[in-house]
Amino acid sequence: MDEQPRLMHSHTGVGMAGHPGLPQHMQEGTGGTDGDGRKQDIGDILQQIMTITDQSLDEAQARKHALNCHRMKPALFNVLCEIKEKTVLSIRGAQEEEPPDPQLMRLDNMLLAEGVSGPEKGGGSAAAAAAAAASGGAGADNSAEHSDYRAKLSQIRQIYHTELEKYEQACNEFTTHVMNLLREQSRTRPISPKEIERMVSIIHRKFSAIQMQLKQSTCEAVMILRSRFLDARRKRRNFNKQATEILNEYFYSHLSNPYPSEEAKEELAKKCAITVAQVSNWFGNKRIRYKKNIGKFQEEANMYAARTAVNAANASSHGSQANSPSTPNSFIWGFFNIPPIPCLYEKYLQHKFQFTLA
DNA sequence: ACCGATGATTGTTG
DNA sequence: CAACAATCATCGGT
């Protein structure tokens, strides 16, 4: 029985070309001592197998056929299969169950979030909502670019899915091809089901690597699309006239201290149908630009000051002239560059606000 | 096509 | 962290 490893080793030279073969230690101990009949038989077979490569093709073919029909063949083949299975199992144990790739997970998550790999239509709703938030409320004006964006996104999506399907199909085709090949070969060389399984998993891994590349490039495409279409700076819209008027009204009526509180910003945002961040941006821009060139804004300032003055006058003529803290005065000192009342002056100092000091 | 206006972003400062 | 300052990129009128 100690001859089997050698037999197998020899066999690799014939039917298992390219197979790594067995470990060295299994080839030791070939010394049969007693002249048993079966041993003789095995020795015979061994001899035949080992010399088979020296023969011509026809001769070798004939010899192979003879060996195939040998009465010992099934038993030997079974032993080979057994040994093979053990070695395959040990190999398999080494590279067991790789953990899910974190990068692949990230890509999958992003594709899902962008509505590329998710459910068919309306999948882009998350992205669309994000886009709406990014470009700032007032949905009417940006519907056009959204449809453009969505069209491009669905284009990417379509490419992604067809490519993915192609890979899947190719993978399946290749897998079945290899499996058929292996099954066919398993008649002439020992291939366990586990080995086939392993081979399939190797193929799948290779193909999933390709899929990952596809996912990566799809993600890149989506990112580029996003930055091109959804970067608010690129596709900015001027605020509508009404919003600008509301903002200007507040600005010029609080010219001494044009720093709306968080609550005031929220209210302005609501009135103008823009975000609080946009209100902050607007005031930031306005303050700096006003300060840079007060002369240029003088006319505008006068206009809004006059308007608020008229409003205030109307209001006071109608009801009791109760609360009109800083608004009426703003015209005066906004115009003459004099800080108005003490409480505002404090704020004025606090904020080092120097608009009024030409 | 040009150019000033304008909303947004980025980097710095207190 | 909010405000400032500089800058970007587009808008809108000519």
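Overview of the structure. (Residues numbered from 1 in each chain as written. Chains lettered and ligands numbered in written order. Predicted model: local features only at pLDDT ≥ 70, side-chain atom pairs only at ≥ 80, totals over all residues. Heavy atoms only, no water.)

### Section: the overall build of chain A
For step 1, the next point in the chain: A count of helices and strands for chain A gives 14 helices and 0 strands.
For step 2, the next point in the chain: Sequence-ordered secondary structure for chain A, helices as α and strands as β, is α-α-α-α-α-α-α-α-α-α-α-α-α-α.
For step 3, the next point in the chain: Considering only intrachain contacts with a sequence separation of at least 6, the fraction spanning at least 24 residues in chain A is 73%. (Helix = DSSP H or I, 4+ residues; strand = E, 2+ residues; numbered from the N terminus. Contact = heavy atoms within 4.5 Å.)

### Remarks on the protein's contact with DNA strand B
For step 1, the next point in the chain: Around DNA strand B, 12 residues are found, and the nearest of them are Arg 236, Gln 278, Asn 281, Asn 285 and Arg 289.
For step 2, the next point in the chain: Counting only atoms of DNA strand B within 4 Å of the protein, the sugar-phosphate share comes to 48%.
For step 3, the next point in the chain: Between a base oxygen of DNA strand B and a side-chain N or O atom of Arg 236, the distance comes to 2.3 Å.
For step 4, the next point in the chain: For DNA strand B, a base nitrogen lies 2.9 Å from a polar atom in the side chain of Asn 285. (Near = heavy atom within 4 Å. Polar contact = N/O pair within 3.5 Å; in protein donor to acceptor, adjacent residues only side chain to side chain.)

### Topic: the packing of helix H10 (residues 262-272) against helix H11 (residues 276-292)
For step 1, the next point in the chain: At a minimum axis separation of 8 Å, H10 and H11 run at an interaxial angle of 105 degrees. Between H10 and H11, the angle is such that the two are roughly perpendicular. Note on element contacts: H11 touches H10 through Val 276, Val 279, Ser 280 and Phe 283, opposite Glu 262, Lys 265, Glu 266, Leu 268 and Ala 269.
For step 2, the next point in the chain: Within the contact of H10 with H11, the residues separate by chemical class into 5 nonpolar, 1 polar and 3 charged. (Axes fitted to C-alpha atoms, helices over the stretch in contact; angles between N-to-C directions. Parallel < 35°, antiparallel > 145°, perpendicular 65-115°, else oblique. Nonpolar A, V, L, I, M, F, W, Y, C, P; charged D, E, K, R; others polar.)

### So, the pattern of salt bridges
For step 1, the next point in the chain: By the definition in use, this model includes 5 salt bridges.
For step 2, the next point in the chain: When the shortest N-O distance is used, the salt bridge between Lys 166 and Glu 163 registers 3.0 Å. Taken together, the residues Lys 166 and Glu 163, both in helix H7 (residues 143-185) and 3 residues apart, mark about one turn of the helix.
For step 3, the next point in the chain: Each of Glu 245, Glu 249 and Arg 307 takes part in salt bridges that share partners, so that together they form one network. (Salt bridge = Lys/Arg side-chain N within 4 Å of Asp/Glu carboxyl O.)

### Observations concerning H10
For step 1, the next point in the chain: Taken residue by residue, H10 has Ala 264, Lys 265, Leu 268, Ala 269 and Cys 272 as its buried positions. Taken end-on, H10 shows its buried residues confined to a sector of 140 degrees, consistent with a single buried face. The exposed residues of H10 that point more than 90 degrees off its buried face are Glu 263, Glu 267, Lys 270 and Lys 271.
For step 2, the next point in the chain: For H10, the secondary structure elements touched by its buried residues are helix H9 (241-253) and H11.
For step 3, the next point in the chain: At the C-terminal side of H10, Ala 273 shows a positive phi close to 60 degrees. (Buried < 20%, exposed > 50% of the residue type's maximum accessible area, 1.4 Å probe, protein only. Arc of directions from axis to C-beta.)

### Considerations on the packing of aromatic side chains
For step 1, the next point in the chain: With the rule as written, the count across this model stands at 10 aromatic pairs.
For step 2, the next point in the chain: Here the aromatic rings of Tyr 290 and Phe 297 are separated by 5.7 Å at their centres, their planes lie at 45 degrees, and the arrangement is tilted.
For step 3, the next point in the chain: Given the relative accessible area of 1%, Tyr 290 is considered buried.
For step 4, the next point in the chain: Here the aromatic residues Tyr 250, Phe 251, Tyr 252, Trp 282, Phe 283, Tyr 290, Phe 297 and Tyr 304 are joined through ring pairs into a cluster of three or more.
For step 5, the next point in the chain: Across the ring face of Phe 251, the terminal group of Lys 286 is positioned such that the distance to the ring centre comes to 5.9 Å. (Phe/Tyr/Trp six-rings, centres within 6.5 Å; stacked < 30°, edge-to-face > 60°. Lys NZ or Arg CZ within 6 Å of the ring centre and 35° of its normal.)

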